[in-house]
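Examination of the molecular architecture
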Amino acid sequence: MSDTFLAPADLFDRLAGADAAGVTVLTPNLRLAKELQRAFDAHQLARGLSAWAAADILPWTAWVQRAYEDFLHSASGAQLPQLLTPAQEQALWEDIVRGWEGGEALLAVPEAAASARQAWDLAHAWGLMPALQRAAPKEDAQAWAEWARRYERDTRRAGGTDAARLPDLLLAQFADPAAQEGAGLPRLLVAYGFDIVTPQQRALFDVLAARGCAHARSAAARAPESAPLRLACVDARDEIGRAAAWARERLEAAQAQGRSARIGVVVPDLAMHRNALRRAFTRTMAPTRQVPREAHALPPFNISLGEPLNDWPLVDTAFAILELAGRELPYERASLVIRSPYLAQADAEMTRRARLDAALRERAEPVLGLDRLLALLVRASMPRAAVLAQRLAQFAELRRERLFAVQSPGAWARAFGDALARLGFPGERSLSSEEFQTLARWQALLAQFAQLERVAPRMGYAQALARLRRMAADTAFQPEAHEEPVQILGVLESAGVAFDHLWVMGLCDEAWPLAARANPFLPIALQRAAGIPEASAEAALALDRRITAGWLTAAAEVVLSHPCRDGDRDLQPSPLIAHLAEGGLALPTAQDWGAQVHAARAALESLPDEDAPSLAEVRSMAQAIAPGAALDAASDAAHDEYAASEAAIEAPHDAQAGARVAEHDGAAVRGGTQVLKDQAACPFRAFAVHRLDAAALATPHAGLDAMERGSLVHQVLATAWRELETKHALDTLAPPALEQLLQRAAAEAVARMRRDRPETLSGRFAAVEQRRLVRLASEWLELERQREPFSVFAVEDPRNLEIGGLRMRGRLDRVDETAQGERIVIDYKTGKPAAGDWLGPRMDEPQLPLYLVASEPDAQALAFAQVKAGAMQFVSLAADKGLLPGARALPDGRLKRAAQSWEAQLADWRTALERLARGYAGGAAAVDPKPGACEYCDQQPLCRIHERRAWSASGEDEAGVYE
């Protein structure tokens, strides 16, 4: 290999000279090739040129493949093996590892195959194959040797070769006089920025030299070694923030002087910190991107490391659609499909699909399939999204026709594309540049998957989709963008690149130098003897010393930083930079967008606003909404089918609008007795929930939640008492007859709920739940037998209630009447209620006091029936202790907030309930939660109570921020 060295200026002269067509420059990676091309173009512009021939600059792998294609298309090319794609290589290795006799013991076959494939690449690049045949390997190496033999045999049978063996194939072609015709050799081959030259590369360079191809080396011009600054930072977050502020300050300084600046930020573990870097640099250098209309604006920085293709939203949606065609998927994935902007008519049906998703969350199981989703969509209670439903039905039809067979990869690639098309993927709206490039890369991935047909057998749907997903995960993708002044790079990408300003971060003793990472499938002794840098600590240290020395001359200003802490652990600077004097760096404070908005609060006018318009005040506005719109829409819709479907979609919302008109006209408010419970807990909660319809999205849950279990208990006991009617009937009913009654009641309750939860309440679970209900009801009725004679006056009885001018509807679980005519209002609870929940001006449970005051004013007791296994009891407050077992009569010294008599307590309840009702009707909506009210409240994103408290604790003027 030649020792001739060309300085960059001499190299550019050769590339711009008359014999430039005979000069080829090779780089170790694509980034350095692009950087050198950019520098050459700048050189030509500086010469005053406006047009010039493109220089032949390309990375090593691209040149090797180009030379192979030249031979392939020559006269002797028919004898050459076909080059496998990386996906085909991986598929072969996976099939070999999985089919090996010990493959079943491997927990992660794709990962093992990838590591084996890397060992294959290393063995060829570093010339280890002859030595491996003579070595006495250990167990892992023996397994790999067997895999390698099978891989070589299978590729030979398929008439293929791979990227690892391509340089050896070229070496033979260049050395063969009969292949001279297809060589296409340059007169001068320049290796630019090669810090490491493998034996395989050296052998090929030597053969080319023997063929008359001159060879030279070159590297970037190094700046005179400056006095680098070693900067100690608090932790990684502080370090990233400082680097972002430094990059912004250097860029603004250059722009103020009318010059360009190349700023580099090098991060040893770029993959780990990528998201934190993107957030910090966006917040500091492109704060307006947080504003929706500026979200697609290009920031002045670029992170070189691409993200896995399946992490990009458009591709993630494609996989969610394809997962929907499988057996089952988590509801959150199905929700992604429903709400996706990449489906047909997504913008037109956006609101309807959002409503549909919210409704489905209350009915769907955590995991569901396509058939179950379609069954839910056609339910009358579900909001309608006609186009989505139609497309999903077509998707299900294609699923039945084409997605259950065992097919070749090519057939699966076509089926995947057709399945996505059935849902209108990627939608009708114009894609952004980033989305358009992502779509193109996705389509290229499907084409690569189809090429697996050459090496992979026929497979089923699940296997095909899993393999496609792995290919996407292995594909790093980053949309093409303009050359930005700030480049955030990994260690190897920074080699050979020159900057005006350079910051290298993360140089603590645990991160730099990098630890040795020998391949586990190759004997370590062979790797070390060959000089593979990752194989030994000594070789890795030597390489990292050279890289560190290169950083010191890569720019006129060099900052080397390291964090001092990681959580509660102290960190030290890397030994490769510890000898440098520690310094400081004065940086301007750059406010992010949120801080700028907050800083502008002094210019805001503060207006206290704790009252919403009263129900009476909005009556005139509500009357403008025509309650008959649903009927009119249905009549007009008769003209065509599409209009009919639109009317069906809108009718429920028109009916809801009509209900609001009625509410403002003085009819019962929506929400029933829960309105007063929420008003007592926090006026703003009542306003948000019952007047703004604000509610958090439900989370689909497995099994039955506490509310559903409580509802089943209610239904069983209601059915039982409708038939029994009196305690005497209970006492005289024979045990087998009572058991039969409860069995029937439980079966009816389970069947009724099964309509909403068919997947949950089916099979053995339904039988178990039915037995639980019978057992609970039996235990409860045993407690009822201990009471004095009574009859059940009302069961699940709807009532119209009015208090403080507010009308609402309620449903009494049960009203009993004693032999003396005294009534008792009862509400079933499966939790642990307390009598204190009924007391105070802002009572926790106003429902029973409201029923008593507004519907049963002569009742002498109210009670929670605590139906809880092993803890059956009445929690009651009564005029007389004898009305119920364990009843508490007034006065009761243990109830501090209770009145001294039943009559006085009735008056207190009426006063408190009237005040709550008048507050709600009058628009009282202050953010005024009582203790504990915020713990399970879902309105905090609206009221921002925790932000208010945080600013208040920090000494900020809370009124100036939030009012």
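Definitions and cut-offs
Residues numbered from 1 in each chain as written. Predicted model: local features only at pLDDT ≥ 70, side-chain atom pairs only at ≥ 80, totals over all residues. Heavy atoms only, no water. Pairing = 2+ DSSP bridges. Helix = DSSP H or I, 4+ residues; strand = E, 2+ residues; numbered from the N terminus. Contact = heavy atoms within 4.5 Å. Axes fitted to C-alpha atoms, helices over the stretch in contact; angles between N-to-C directions. Salt bridge = Lys/Arg side-chain N within 4 Å of Asp/Glu carboxyl O. Buried < 20%, exposed > 50% of the residue type's maximum accessible area, 1.4 Å probe, protein only. Left-handed = near helix turned anticlockwise from the far one by under 90°. Nonpolar A, V, L, I, M, F, W, Y, C, P; charged D, E, K, R; others polar. Phe/Tyr/Trp six-rings, centres within 6.5 Å; stacked < 30°, edge-to-face > 60°. Core = buried A, V, L, I, M, F, W, Y, C linked by side-chain atoms within 4.5 Å.

1. Examining the sheet that holds strand β2 (residues 23-27)
Judged by pairing direction, the sheet is parallel, and its five strands sit side by side in the order β1-β7-β6-β2-β3 without closing on themselves. Edge strands, defined here as strands with exactly one partner in the open sheet, are β1 (5-6) and β3 (57-59). The pairing of β1 with strand β7 (residues 214-218) spans two bridges and is classified as parallel. By the bridge assignment for β7, Leu6 is matched with Ser218. Sitting on the sheet, helix α1 (residues 8-16) is in contact with β1, β2, β3, β6 (188-192) and β7, with an inclination near 135 degrees to β2. In this fold helix α3 (residues 60-72) packs onto β2, β3 and β6, with an angle of close to 100 degrees to the strand it touches most, β3.

2. Observations concerning unusual backbone geometry
Of note, the amide linkage connecting Trp512 to Pro513 takes the cis form, showing an omega dihedral of 5 degrees. Relative to the helices and strands, Pro513 resides in the loop between β16 (501-504) and α21 (524-530). A cis amide bond links Leu890 with the next residue in sequence, Pro891, at an omega value of 0 degrees. For Pro891, the position within the fold is in the loop between β25 (888-889) and α34 (902-922). Even without glycine at this site, Gln345 takes up a positive phi of about 55 degrees.

3. A few points about the pattern of salt bridges
Throughout the structure, instances matching the rule amount to 64 salt bridges. Of the charged contacts, one joins Arg98 and Asp95 as a salt bridge, the two residues approaching to 3.6 Å between their closest N and O atoms. Of this pair, Arg98 and Asp95 both sit in helix α4 (residues 86-99), three residues apart, which is roughly one turn of that helix. A relative accessible area of 37% means that Arg98 is categorised as partly exposed. On the basis of relative accessible area, Asp95 is assigned to the partly exposed category, the value being 24%. The shortest N-O distance in the salt bridge between Arg333 and Glu323 comes to 3.0 Å. Placement of Arg333 in helix α13 (residues 331-339) and of Glu323 in helix α12 (residues 313-324) is noted, with a sequence separation of ten residues between them. Per residue, the accessibility class of Arg333 equals that of Glu323, and both read buried. Through salt bridges that share partners, Glu94, Asp95, Arg98, Arg467 and Arg470 make up one connected network.

4. Focus: the pairing of β16
Burial along β16 is two-sided: the face carrying His501 and Trp503 and the face carrying Leu502 and Val504 are both buried. Examined bridge by bridge, strand β9 (residues 263-266) and β16 share four bridges and lie parallel to one another. Across the sheet, Gly264 pairs through a bridge with Leu502, a residue of β16. Bridge count between β16 and strand β17 (residues 557-563): four bridges; the pairing is parallel.

5. Brief notes about the packing of α12 against α13
At a minimum axis separation of 9 Å, α12 and α13 run at an interaxial angle of 115 degrees. Between α12 and α13 the crossing geometry is left-handed. Of the residues in α13, those in contact with Asp316, Thr317, Phe319, Ala320, Ile321, Glu323 and Leu324 of α12 are Arg333, Leu336 and Val337. Residues of the contact of α12 with α13, tallied by class, amount to six nonpolar, one polar and three charged.

6. A word on the packing of aromatic side chains
Counted by the stated rule, this structure contains 23 aromatic pairs. Residues Trp60 and Trp63 carry aromatic rings whose centres are separated by 5.9 Å and whose planes lie at 40 degrees to one another, so their mutual orientation is tilted. Highlighted residues: Trp60 and Trp63, both in helix α3, separated by three residues, approximately one helical turn. Given the relative accessible area of 9%, Trp60 is considered buried. Taking the centre distance of 5.8 Å and the plane angle of 85 degrees together, the rings of Trp902 and Trp909 count as edge-to-face. By relative accessible area, Trp902 is classed as buried at 4%. Grouped by ring-pair contacts, the aromatic residues Trp412, Phe416, Phe449 and Tyr461 constitute a single cluster.

7. Details of the environment of Pro177
Relative to the assigned elements, Pro177 resides in the loop between α8 (166-175) and β6. In this structure Pro177 comes out as exposed when scored by relative accessible area, which is 60%.

8. A look at the environment of Asp544
Note that Asp544 resides in helix α22 (residues 537-552). Taking the C-alpha atoms as reference points, Asp544 and Ala119, separated by 425 residues in sequence, lie 22 Å from one another. Setting aside its immediate chain neighbours within four residues, Asp544 contacts Trp512, Pro513, Leu514 and Leu576.

9. Structural notes on the nonpolar core
By size, the foremost hydrophobic cluster in this structure holds 93 residues, and its most contacted members are Trp144, Trp147, Phe416, Trp442 and Phe449. When residues of this core are assigned to their parent elements, the largest contribution, nine residues, is made by helix α5 (residues 109-125). When near neighbours in sequence (up to four residues on either side) are disregarded, Phe449 contacts Pro409, Trp412, Ala413, Phe416, Met459, Ala464, Arg467, Leu468 and Met471. Counting residues in hydrophobic clusters, the runner-up holds 43 residues, among them Leu724, Phe790, Val867 and Phe874.

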